[in-house]
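Architecture and fold: a report
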Amino acid sequence: MTDPAVPVEPMDPRSGVSTRAADAVAGAAVAAITEVTDRRRRLGWLFWLSLGWIVLTILAAIFANVLPLQDPNLQSATLNAGPSTAHFFGTDQLGRDIFSRVIFGSRVSIVVGFGAIAIGLALGGTLGMIAAYYRGTVDTIVNAVSYVLLAFPALVAVIAIVTFWKASLWKITLIIGIASAPLIFRIVRAATLSYATRDFVMAARTLGATSRRVLVKELLPNILPTVVSFSLIGVATVIVLEGSLAFLGLSIPGPTPSWGNMLNQSRTGLNTVPGQSNPWLVIFPAAAMFLFLITLNLVGDRLRQHFDVSEIKL
Amino acid sequence: MTYPPAASDPQSAVPLLEVTELSTSFRTGRGLLKAVDRVSFRLGRGRTIGVVGESGSGKTVLARTVMGLLAGSNVEKTGSVRFEGQELLGAPNSELRSLWGARMAMIFQDPMTALNPVMRIGRQITESLRLHLDIDRSEARATAVSLLAQVGIPSPEERYGSFPGELSGGMRQRVMIAIALACSPRLLLADEPTTGLDVTVQAQILDLLGSLQYERNMAMVLVTHDLGVVATRTDDIVVMYAGRIVEMAPTSRLFSSMAMPYTEALLASTPRLSNPSHTRLAAIEGRPPDLTALPPGCPFAPRCRYAQDLCRRAAPPLVTAERPDHLYACWYPLGARTGPAPVSHSVSS
Amino acid sequence: MAKYLAKRAAAFVVIIFFVSLGTFFLVHLLPGNPALTILGPNANAHNIALIDKQLGLNRPLWTQYFIWLGNVLHGNLGQSFVTRESVVSTIAHAFPIDLELVVISQIIAFAVAVPLALTAVRKPNGRFDRYSTAGTFAMLAMPPFIVAPVLVLLFAVNTHIFPGPASYVPLAQNFWSNIHTMILPALVLALGSIVIYYRLLRNDLISTLQEDFILMARSKGLSDRRILLRHALRPSSISLLASAGINIGSLIAGAFVVEYLLQLPGLGYALVNSINQDDYVTVQGIVLVVAVAVVLINFLVDFLFTIVDPRISRD
Ligand SMILES: Nc1ncnc2c1ncn2[C@@H]1O[C@H](COP(=O)(O)OP(=O)(O)OP(=O)(O)O)[C@@H](O)[C@H]1O
Ligand SMILES: [Mg+2]
């Protein structure tokens, strides 16, 4: 049984600070400093390793053209080969180099993932801050709209739109970005609300700071930790969504490689009799995606804990 | 301290509850926090002891440690708690569980949070009954309904199926009492049973507790921050400050000749009918000390208007006054504060 | 209670209205001739005239919408121009498969997540807790389209523990071989839900266990096990339920993926096929049905809330 006294320390840094404010100021400052250094250490090696992997993947995607890679669409004579020195990850049914395709394929996931969240943040994030800051009618209306949109199953909407509109990298990014806006709106709104009534914001407002200034200078820096950690997890979610679409053959069409459409291709490899199937076609894109997703989630989750953002219930 | 033996009780040589040198500390991020510091007292069968102290003085921690409810990797407990001669400190959970609810029960400080919000109150009573008494469902139900009636809940049959959220604060507190008394425990630890209720309800609840206690010959530890509450309802009073006992005496004795300036200040801050108790204490000047870093002298010295040099240098021991049943921890007790030198103490261990 | 439900019901109607609007205008706001778009390769003068008439394209858009809505409300989702089959009957054949998949996967998910969380919170941050938290964390990075091919490779291609693709047997035909085919896809779907349910329940249990009423329950002498099951579980299951509702959307996405991979003739399989055949009428029908189903499930979850936690309807 949990004992009720387990020091889930620090329960909530904010309330902690406010009770401590009653204590001697110097004591509070010291405690706050030790707490911060304590936490920084607690990010742990796994966090840095994961962050390193994410950065590495992104760099590889950016510089794929200049890296000594084979042309991802070049069809060599060796079909369905296993890993070798010529082809690190083997080749697919058309003799294309899987290693090169996995690296080039990361571009789709990265662009869609980060792009869509950027769009979602620009739309939902801005609205969320404004709604939470001004409250009133604006807030009520946007809030109600966000609830309605959230109830709409995103994947189905995206599938429907893509079907009638034909997929391309930018369209997919835009559509998923818009679809993610209501959720981001809710997160940013909740985070902003928790600060909008704080003393320092009130002080700034009564001192006559412009709304714009309060929003940008006072509120934004405070909600940033929440937003960043949730955004990373959001990127992972979007990548999964794009991957599902690609797997169903509804995202960016070939021959452009993407992790999702490589997995889609691999289906044919699974249908054949054991001797003829090519497991490498499944394993490498799956592993690349798995690693990217798990590191994104891990970094996002650690940051969330680090900044002590609770898993907001929306 | 001695108690008049209850004549009918053959076991009277052993007090019902005997707490000796009990300390409870929490390991926190800021160091060891001594919430209860070397507390000793005894409680005879059917008697009542009041534990008084301002907020944060360690009353709740004391009550929970006595009960054995505080456990965890960050809690350190030393000393001894004997209940009917049985040592509770360090006793295995299974042993404690057979006592909890059956022989000793607790009323929690806040009736708003201490009842399970998603369980009907009837069930919250019967589960204790069915666990400890060997009775069937319908019997348990009947007992629970009669308990609800006893604690003064109107139409108990209907209330049996209510959720806590459907009851007022006073009603919830009555339900808590019904739960605590369900199996007729020998000892009741009532942790501020009336804080947060309005004054008339407070008096009702306390009178109810008193009469139920009398009927059942149950002993009670009545925790409160309100000296007024314990004035007429307890046999003895323990005054706590910073986790320590700073004064202890039979109730009438305490009020007639209190020795501690802190006790005096507590009395002065006692809420009257004119200012209801949830406007918290008209608190004593200054803040309670940081329990992780106590000053070397008397912990109350920084706030004490009679404090002198000695008070800030050395902590006064708990000693007896002229009467052996009156203990206090003060260098310059009230009434003796005429000469410049501290009164000489006869230190009793 | 009644007021709460009325409010939810009103929201439900509004959302359904928007869903229908969205689905309708998806087809009708497309650039170009809707009849041509709908018919795709099947376009000929006769078919175009038929579509124009069926859709009432000469009338104002709003009139068209209400005519379409009227048809939908009468259970008429139109007829496919590719297969000539009524969309309703296509859906009626496919839907039970999704239902079965979702139900089995959720049974697996709850059967794994709940005991896991209950065990983990007995010693928060203890060894078991840390391992299961880490383990479920890895599952976050294993969406169906990654897991399904790998599991099929392992269990259906390399070993034959489970049947491979295209081996669907209807439930009515043979119960056990049907279940046998469904286990692998359901397992794939369950993984994602396990993570969500486990993490939410674990966190909520830990915070519930800090509550006074848990200490109160202990002070009655109840066993830890009883406290966990009777006192802590229920107040902790609100976000679990909420997430089960929200989760249904991604569950359907996952169902589509495994159906597509294993060629189970469910809605997802039908949807992808219709998309590939430019069978827009069927796509529109499926999208509508799935969207309504998701909204409906969320509504039912809201209703369940009020039963699990009496506090909800009072606030
Ligand atoms: N689980 C815990 N971990 C760390 N410190 C604790 C814990 N529980 C209590 N304390 C500390 O122990 C001290 C005594 O607290 P306690 O709750 O016993 O006071 P109290 O006399 O009951 O006050 P109140 O009148 O407000 O109920 C406080 O300083 C409190 O912060
Ligand atoms: Mg207390």
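Here, every reference points to the structure presented above.
Residues numbered from 1 in each chain as written. Chains lettered and ligands numbered in written order. Predicted model: local features only at pLDDT ≥ 70, side-chain atom pairs only at ≥ 80, totals over all residues. Heavy atoms only, no water.

Here we come to the overall build of chain A. Across its full length, chain A holds 11 helices and 0 strands. Sequence-ordered secondary structure for chain A, helices as α and strands as β, is α-α-α-α-α-α-α-α-α-α-α. Within chain A, the proportion of its 314 residues that are buried is 48%. A separation threshold of at least 6 residues defines the contact pool for chain A, and within that pool the share at least 24 residues apart is 72%. Summed over its atoms, the accessible surface of chain A is roughly 14,500 Å², and 70% of this surface lies on carbon and sulfur atoms. (Helix = DSSP H or I, 4+ residues; strand = E, 2+ residues; numbered from the N terminus. Buried < 20%, exposed > 50% of the residue type's maximum accessible area, 1.4 Å probe, protein only. Contact = heavy atoms within 4.5 Å. Areas by Shrake-Rupley, 256 points an atom, 1.4 Å probe, with all protein chains shown as cover.)

Looking now at the overall build of chain C. Within chain C, the regular secondary structure consists of 14 helices and 0 strands. Along its sequence from the N terminus, chain C presents helices and strands in the succession α-α-α-α-α-α-α-α-α-α-α-α-α-α. With respect to the three principal axes, the spread of C-alpha positions in chain C is 80 × 55 × 35 Å. Counting over 315 residues, chain C shows a buried share of 53%. Sequence separation of at least 24 residues holds for 73% of the intrachain contacts in chain C that already meet a minimum separation of 6. Within the structure as shown, chain C displays about 13,500 Å² of accessible surface, and the carbon and sulfur contribution to it stands at 67%. Computing the positive centroid from 20 side-chain charges and the negative centroid from 15, chain C places the two 12 Å apart. (Lys, Arg positive; Asp, Glu negative; His and termini not counted. Charge placed at Lys NZ, Arg CZ, Asp CG, Glu CD.)

Residues and elements named next belong to chain B. Taken together, Thr60 (OG1) and Gln109 (OE1) make up the full set of protein donors to the magnesium ion (ligand 2), lying 1.8 to 2.4 Å away. Taken together, the residues threonine 60 in helix α1 (residues 59-67) and glutamine 109 in the loop between β6 (104-107) and α3 (121-132) connect sequence positions 49 residues apart. A relative accessible area of 24% places glutamine 109 in the partly exposed class. (Donors = N, O, S within 2.8 Å, 3.2 Å for Na, K, Ca; no water.)

Quick look at the interface of chain C and chain A now. Each side of the interface is counted separately: chain C has 52 residues, and chain A has 46 residues. With both chains or domains summed, chain C and chain A bury close to 4,700 Å², and 77% of this area falls on carbon and sulfur atoms. Across the contact surface, chain C and chain A share 1 salt bridge. Salt-bridge contacts for aspartate 301 of chain A lead to arginine 199 of chain C; the nearest nitrogen and oxygen are separated by 3.4 Å. The class makeup of the residues in the side of chain C that touches chain A is 42 nonpolar, 4 polar and 6 charged. (Buried area = accessible area lost by both parts, 1.4 Å probe. Salt bridge = Lys/Arg side-chain N within 4 Å of Asp/Glu carboxyl O. Nonpolar A, V, L, I, M, F, W, Y, C, P; charged D, E, K, R; others polar.)

In this section: a positive patch on the surface. On the surface, Arg120, Arg123, Arg130 and Arg137 of chain B together with Arg230 and Arg234 of chain C cluster together into a patch of positive charge. With respect to the secondary-structure elements, arginine 137 of chain B resides in helix α4 (residues 137-150). Take arginine 137 of chain B: its relative accessible area is 65%, and that puts it in the exposed class. (Patch = residues over 30% accessible without salt bridge, like charges linked within 9 Å, V, L, I, M, F, W, Y side chains within 5 Å.)

What follows is about unusual backbone geometry. Residues other than glycine seldom take positive phi values, yet asparagine 217 of chain B does so here, at roughly 50 degrees. Locating asparagine 217 of chain B in the fold gives a position in the loop between α7 (199-216) and β8 (219-224). For asparagine 217 of chain B, a relative accessible area of 45% translates into the label partly exposed. Unusually for a residue other than glycine, asparagine 125 of chain C sits at a positive phi of about 65 degrees.

In this section: the packing of helix α4 (residues 98-134) of chain A against helix α9 (residues 211-247) of chain A. Residues and elements named next belong to chain A. The contact between α4 and α9 brings their axes to 8 Å, and the two run at 145 degrees. Considering how the two elements wind past one another, α4 and α9 form a crossing that is right-handed. Split by residue class, the contact of α4 with α9 holds 18 nonpolar, 5 polar and 1 charged. (Axes fitted to C-alpha atoms, helices over the stretch in contact; angles between N-to-C directions. Left-handed = near helix turned anticlockwise from the far one by under 90°.)

Turning to the pattern of salt bridges, a few remarks are in order. Throughout the structure, instances matching the rule amount to 25 salt bridges over all chains. Aspartate 139 of chain A serves as the salt-bridge partner of arginine 135 of chain A, at 3.1 Å between the closest nitrogen and oxygen. A salt bridge links arginine 323 of chain B to aspartate 325 of chain B, with the nearest nitrogen and oxygen atoms 3.7 Å apart. We classify aspartate 325 of chain B as buried; its relative accessible area is 18%. By sharing partners, the salt bridges in this structure join Lys34, Asp37, Arg38 and Arg244 of chain B into a single network.

What follows covers the sheet that holds strand β4 (residues 75-83) of chain B. The pairing of strands in a sheet comes from backbone hydrogen bonds and takes either a parallel or an antiparallel form. Residue and element names in this part refer to chain B. On the basis of which strands lie adjacent, the open sheet formed by 4 strands has the order β2-β1-β4-β5 and antiparallel pairing. A strand with exactly one partner marks an edge of an open sheet, and here the two such strands are β2 (31-43) and β5 (86-87). Inspection of the sheet shows strand β1 (residues 17-28) paired to β2 by 9 bridges, in the antiparallel sense. In the strand pairing of β2, serine 25 is matched with lysine 34. Contacts between α1 and the sheet are confined to β1, β2 and β4, with β1 contributing the most and set at about 115 degrees to the helix. (Pairing = 2+ DSSP bridges.)

Across soluble globular proteins, nonpolar side chains have a tendency to be buried as a group. Counting 158 residues, the largest nonpolar core has Ile159 of chain A together with Phe256 of chain C as its most contacted members. Apart from residues no more than four positions distant in its own chain, isoleucine 159 of chain A is found in contact with Leu245, Leu248 and Leu250 of chain A together with Phe256, Leu271 and Ile275 of chain C. In terms of nonpolar packing, the next biggest core, distinct from the first, is built from 111 residues, Ala190, Val201, Tyr241 and Tyr332 of chain B among them. (Core = buried A, V, L, I, M, F, W, Y, C linked by side-chain atoms within 4.5 Å.)

Residues and elements named next belong to chain B. In this sheet, β4 lies alongside β1 in antiparallel orientation, the contact comprising 8 bridges. Looking at β4, one finds that leucine 17 is bridged to phenylalanine 83. Where β4 and β5 come together, 2 bridges link them in antiparallel fashion. Within β5, the residue paired with phenylalanine 83 across the bridge is glutamine 86. Between β4 and β5, which pair antiparallel and follow one another directly, the connecting turn spans 2 residues, one of which, glutamate 84, has a positive phi of 50 degrees.

Moving on to the site of ligand 1. Neighbouring ligand 1 are 17 residues, the closest being Ser55, Gly56, Thr60, Val61 and Gln109 of chain B. The local environment of ligand 1 is shared, drawing residues from chains A and B. Backbone polar atom of serine 57 of chain B to an oxygen atom of ligand 1: 3.2 Å apart, as the coordinates give it. Here an oxygen atom of ligand 1 and a backbone polar atom of valine 61 of chain B are 2.9 Å apart. If you tally residues by element for the shell around ligand 1, the top one is α1 of chain B, at 3 residues. Of the residues contributing to the shell around ligand 1, the split by class is 6 nonpolar, 7 polar and 4 charged. (Near = heavy atom within 4 Å. Polar contact = N/O pair within 3.5 Å; in protein donor to acceptor, adjacent residues only side chain to side chain.)

Residue and element names in this part refer to chain B. The sheet built from 8 strands is open, its strands ordered β6-β7-β8-β3-β9-β10-β12-β11 with mixed pairing. At either end of the open sheet lies a strand with only one pairing partner, and these are β6 and β11 (319-320). Alignment of strand β3 (residues 48-52) against strand β9 (residues 236-241), held across 4 bridges, turns out to be parallel. Considered in β9, the bridge of glycine 50 is made with isoleucine 237. On the sheet, helix α6 (residues 169-181) packs against β6 and β7 (187-191) and is oriented at approximately 170 degrees with respect to β6. Sheet strands touched by helix α10 (residues 261-268): β3, β9 and β10 (244-250). Its angle to β9, the strand with the most contacts, is close to 100 degrees.

Turning our attention to the pairing of β6 of chain B. For a regular strand, the rule is simple: side chains alternate between the two faces of the sheet. Residue and element names in this part refer to chain B. Residues Met104 and Met106 line one face of β6 and the alternating positions Ala105 and Ile107 line the opposite face, and both faces are buried. By the bridge criterion, 4 bridges tie β6 to β7 in an arrangement that is parallel. Residue pairing across strands places methionine 106 opposite leucine 189, the latter belonging to β7.

Taken as a whole and judged by the stated rule, the model has 23 aromatic pairs over all chains. For the ring pair phenylalanine 247 of chain A and phenylalanine 145 of chain C, a centre distance of 6.5 Å and an interplane angle of 35 degrees mean the geometry is tilted. On the criterion of chain membership, the pair formed by phenylalanine 247 of chain A in helix α9 and phenylalanine 145 of chain C in helix α7 (residues 144-158) is interchain, its members lying in two chains. Owing to a relative accessible area of 0%, phenylalanine 247 of chain A belongs among the buried residues under this scheme. (Phe/Tyr/Trp six-rings, centres within 6.5 Å; stacked < 30°, edge-to-face > 60°.)

The next thing to look at is the environment of leucine 187 of chain B. All names here are of chain B. Along the chain, leucine 187 falls in strand β7. Look at leucine 187 and you get buried, because its relative accessible area is 0%. Between the C-alpha atoms of leucine 187 and tyrosine 160, which are 27 residues apart in sequence, the distance is 25 Å. Those residues in contact with leucine 187, other than ones at most four positions away along the chain, are Leu16, Leu17, Leu43, Phe83, Arg103, Met104, Ala105, Met218, Ala219, Met220 and Val221.

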